[in-house]
Amino acid sequence: MRSEQAAVTRPDAASSLGPRLRAIRLRRGLGLRELARRLDLSPSAISRYENGKMHPSIRTLCAFASEFHVTVDEMLFDRKGVEPGLVLQRADESPAIRLDSGVGWKRLMVWADEEMELIETTYDPGGSSSPDDALVRHGRREFVHVLSGTLHAVVGSEELTLRPGDSLTLPPSTPHRLSNDGDVTARAIWVVRGRRCVQPSHTSA
């Protein structure tokens, strides 16, 4: 079974995530053991997610979203009453997720757009998007622009150093890993197209 990197969300998102996961599962008519089998997780892990005793990693959230045919936003945040239009989102109101792996995500868009997502990420020194021995692959097109600090990118068999002002485009299903090997926090802006997740897979680095 996959190893977990726990995620910590803002209190409002964290408190509602478990009940929302359970409600979606029940609407899909899935038993806990059947969902665990499909996601290659233990039934006890899913039970802890639904009871709010543990928060899934972004990788696992994407697996849930793929199985449920929803966006990650639909699982994390309440979007009722928010429609596309002229809407102001203050800096301290941006939904955010913090990973134990040293990576922070802050969603910069007010409503959930199924075609595009705009995210600000921070990588603490030593932080990474996936374990050292794995590259992440998914079905979304991504563009990253580094604002500050330095990121080390492994893209397929290539290794790149991204500095402030550098940009990188990742086609769908490109295996990759980003990490901060320096001693200063790195910040980047991500534009993601095709936000409905496909089942993530992993390739040895």
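See the structure above.
Conventions and cut-offs
Residues numbered from 1 in each chain as written. Predicted model: local features only at pLDDT ≥ 70, side-chain atom pairs only at ≥ 80, totals over all residues. Heavy atoms only, no water. Helix = DSSP H or I, 4+ residues; strand = E, 2+ residues; numbered from the N terminus. Buried < 20%, exposed > 50% of the residue type's maximum accessible area, 1.4 Å probe, protein only. Contact = heavy atoms within 4.5 Å. Areas by Shrake-Rupley, 256 points an atom, 1.4 Å probe, with all protein chains shown as cover. Phe/Tyr/Trp six-rings, centres within 6.5 Å; stacked < 30°, edge-to-face > 60°. Arc of directions from axis to C-beta. Pairing = 2+ DSSP bridges. Salt bridge = Lys/Arg side-chain N within 4 Å of Asp/Glu carboxyl O.

### Observations concerning the overall build of the protein chain
Alright, step 1. If you tally the helices and strands in the protein chain, you get five helices and 12 strands.
Alright, step 2. Here the protein chain holds 205 residues, and the buried ones make up 45% of them.
Alright, step 3. For the protein chain, the share of sequence-separated contacts (at least 6 apart) that also reach a separation of at least 24 residues comes to 69%.
Alright, step 4. Accessible surface computed for the protein chain: about 10,200 Å², of which carbon and sulfur atoms make up 52%.

### Digging into unusual backbone geometry
Alright, step 1. Even without being a glycine, Asp40 presents a positive backbone phi close to 60°.
Alright, step 2. Among the structural elements, Asp40 can be located in the loop between helix H2 (32-39) and helix H3 (43-50).
Alright, step 3. Phi angles above zero are rare outside glycine, and Ser173 is one such case at about 65°.
Alright, step 4. Structurally, Ser173 is set in the loop between strand E9 (167-170) and strand E10 (176-179).
Alright, step 5. Judged by relative accessible area, Ser173 falls into the partly exposed class, the value being 38%.

### Quick look at the environment of Ser130
Alright, step 1. For Ser130, the position within the fold is in the loop between strand E4 (116-123) and strand E5 (134-137).
Alright, step 2. In the structure, Ser130 is positioned 27 residues away from Val103 in sequence and 9.8 Å away in space, judged by C-alpha atoms.

### Re the packing of aromatic side chains
Alright, step 1. As enumerated under the stated definition, the model contains two aromatic pairs in all.
Alright, step 2. With 6.0 Å between their ring centres and 75° between their planes, Tyr49 and Phe64 make a pair best called edge-to-face. Linking Tyr49 in helix H3 with Phe64 in helix H4 (residues 58-68), this pair joins segments that are 15 residues apart in sequence. Side by side, Tyr49 and Phe64 carry an identical accessibility label, which is buried.
Alright, step 3. Taking 5.8 Å as the distance between ring centres and 40° as the angle between the ring planes, the aromatic pair formed by Phe64 and Phe68 counts as tilted.

### As for H3
Alright, step 1. Listed in full, the buried residues belonging to H3 are Ala45, Ile46, Tyr49 and Glu50. Buried residues of H3, seen end-on, are gathered within an arc of 135° and therefore sit on one face of the element.

### With respect to the pairing of E4
Two faces make up the sheet, and in a regular strand the side chains alternate between them.
Alright, step 1. Of all eight residues that make up E4, six are buried, and the element is covered over most of its length.
Alright, step 2. The pairing of strand E3 (residues 103-107) with E4 spans five bridges and is classified as antiparallel. Bridge pairing in E4 links Lys106 to Glu120.
Alright, step 3. With eight bridges joining them, E4 and strand E11 (residues 186-193) adopt antiparallel strand pairing. Each residue of the ladder has a partner; that of Glu120, found in E11, is Ile189.

### Some remarks on the pattern of salt bridges
Alright, step 1. As enumerated under the stated definition, the model contains six salt bridges in all.
Alright, step 2. As a salt-bridge pair, Arg38 and Glu34 come within 2.9 Å of each other at their nearest N and O atoms. Here Arg38 and its partner Glu34 are both found in helix H2, four residues apart, which amounts to about one turn of the helix.
Alright, step 3. Residue Arg38 is classed as partly exposed on the basis of its relative accessible area of 39%.
Alright, step 4. Measuring nitrogen to oxygen at the nearest pair gives 2.6 Å for the salt bridge that ties Arg38 to Glu67. Of this pair, Arg38 sits in helix H2 while Glu67 is found in helix H4, placing the two residues 29 residues apart along the sequence.
Alright, step 5. One salt-bridge network, in which partners are shared between bridges, spans Glu34, Arg37, Arg38 and Glu67.

Interpretation in functional terms is not warranted from these geometric data alone.
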